[in-house]
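A closer look at the structure
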Amino acid sequence: DTEVTQTPKHLVMGMTNKKSLKCEQHMGHRAMYWYKQKAKKPPELMFVYSYEKLSINESVPSRFSPECPNSSLLNLHLHALQPEDSALYLCASSHIPGSSYNEQFFGPGTRLTVL
Amino acid sequence: SQQGEEDPQALSIQEGENATMNCSYKTSINNLQWYRQNSGRGLVHLILIRSNEREKHSGRLRVTLDTSKKSSSLLITASRAADTASYFCATDMRFGAGTRLTVKP
């Protein structure tokens, strides 16, 4: 299984809502990532988990809260978001970050709209 | 933050022509990767070139790496309409600005 799955595909939420994005992989990868992508822009790294521990937080606002319950799952908890947070949120996984073999496998993304 | 820049930002060619995209980066690297993204969808890994490699091929793709100039290029030969997409280089988990390629049938 070489697939990264993300749910939901689309999410519309109000600024007072709490929601979660989910990501799953079964490739035995020990690094997982969250990216944010605005239209016509490249993906921006948000968080990196390495061996289920948060290793990189790219100064992301606290209204985004990542969680890695186990090596196959990655969540992104959303609370009190702003309309400018509307974007495509991409999850990725790789063998181990920083190695010469760290090809990243991406999920299809969750398109988030904040009203 | 983005690792580097890509040029051109947009490229439009006819089917059958070759497309060349360039990427520059700022810091030393273990490897450099190229990805393709069809409109608004997930990224697909195309090719990884390690810092000690100078050229790599995969099908119609040819990637070069010049670590002295901190630059890489992606060549797509005999392009097809299905190659229409955005192409990104990535180093250290961070992506360049990307090139939007349009291949006209």
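Residues numbered from 1 in each chain as written. Chains lettered and ligands numbered in written order. Predicted model: local features only at pLDDT ≥ 70, side-chain atom pairs only at ≥ 80, totals over all residues. Heavy atoms only, no water.

Another aspect to go through is the packing of aromatic side chains. Counting across every chain of the model gives eight aromatic pairs over all chains. Seen in terms of ring centroids, A:Tyr35 and A:Phe106 are 5.5 Å apart; in terms of plane orientation they differ by 45°. Their pairing is tilted. Of the two residues, A:Tyr35 is situated in strand E4 (residues 31–37) and A:Phe106 in strand E10 (residues 105–106); the sequence distance between them amounts to 71 residues. No difference in accessibility class separates A:Tyr35 from A:Phe106, as the two residues are buried. Between A:Phe106 and B:Phe95, the ring centres sit 5.9 Å apart and the planes meet at 70°, which makes this aromatic pair edge-to-face. Taken together, the residues span two chains, with A:Phe106 in strand E10 and B:Phe95 in strand E10 (residues 94–95). For the residue pair A:Phe106 and B:Phe95, the accessibility class agrees, reading buried in each case. Ring pairing ties together the aromatic residues A:Tyr33, A:Tyr35, A:Phe106, B:Tyr35, B:Phe88 and B:Phe95, which thus form one cluster. (Phe/Tyr/Trp six-rings, centres within 6.5 Å; stacked < 30°, edge-to-face > 60°. Helix = DSSP H or I, 4+ residues; strand = E, 2+ residues; numbered from the N terminus. Buried < 20%, exposed > 50% of the residue type's maximum accessible area, 1.4 Å probe, protein only.)

Here, the word disulfide means a covalent bond between the sulfur atoms of two cysteines. Overall, the coordinates contain two disulfides over all chains when judged by the stated rule. A sulfur-sulfur separation of 1.8 Å characterises the disulfide bridge that pairs A:Cys23 with A:Cys91. Residues A:Cys23 and A:Cys91 share a disulfide whose torsion about the S-S bond is about -70°; that sign makes it left-handed. Here A:Cys91 lies in strand E9 (residues 87–94) and A:Cys23 lies in strand E3 (residues 18–25), a separation of 68 residues in the sequence. A relative accessible area of 0% means that A:Cys91 is categorised as buried. The disulfide bridge from B:Cys23 ends at B:Cys89, spanning 2.0 Å between sulfur atoms. Disulfide B:Cys23-B:Cys89: the torsion about the S-S bond is 70°, which places it as right-handed. Within this pair, whereas B:Cys23 is found in strand E3 (residues 19–25), its partner B:Cys89 is found in strand E9 (residues 85–91), the two being separated by 66 residues in sequence. When its relative accessible area of 2% is taken as the criterion, B:Cys23 is described as buried. Just so you know, A:Cys68 is unpaired, no disulfide at all, and the nearest cysteine sulfur is the one on A:Cys23, 9.2 Å from it. (Disulfide = S-S within 2.5 Å.)

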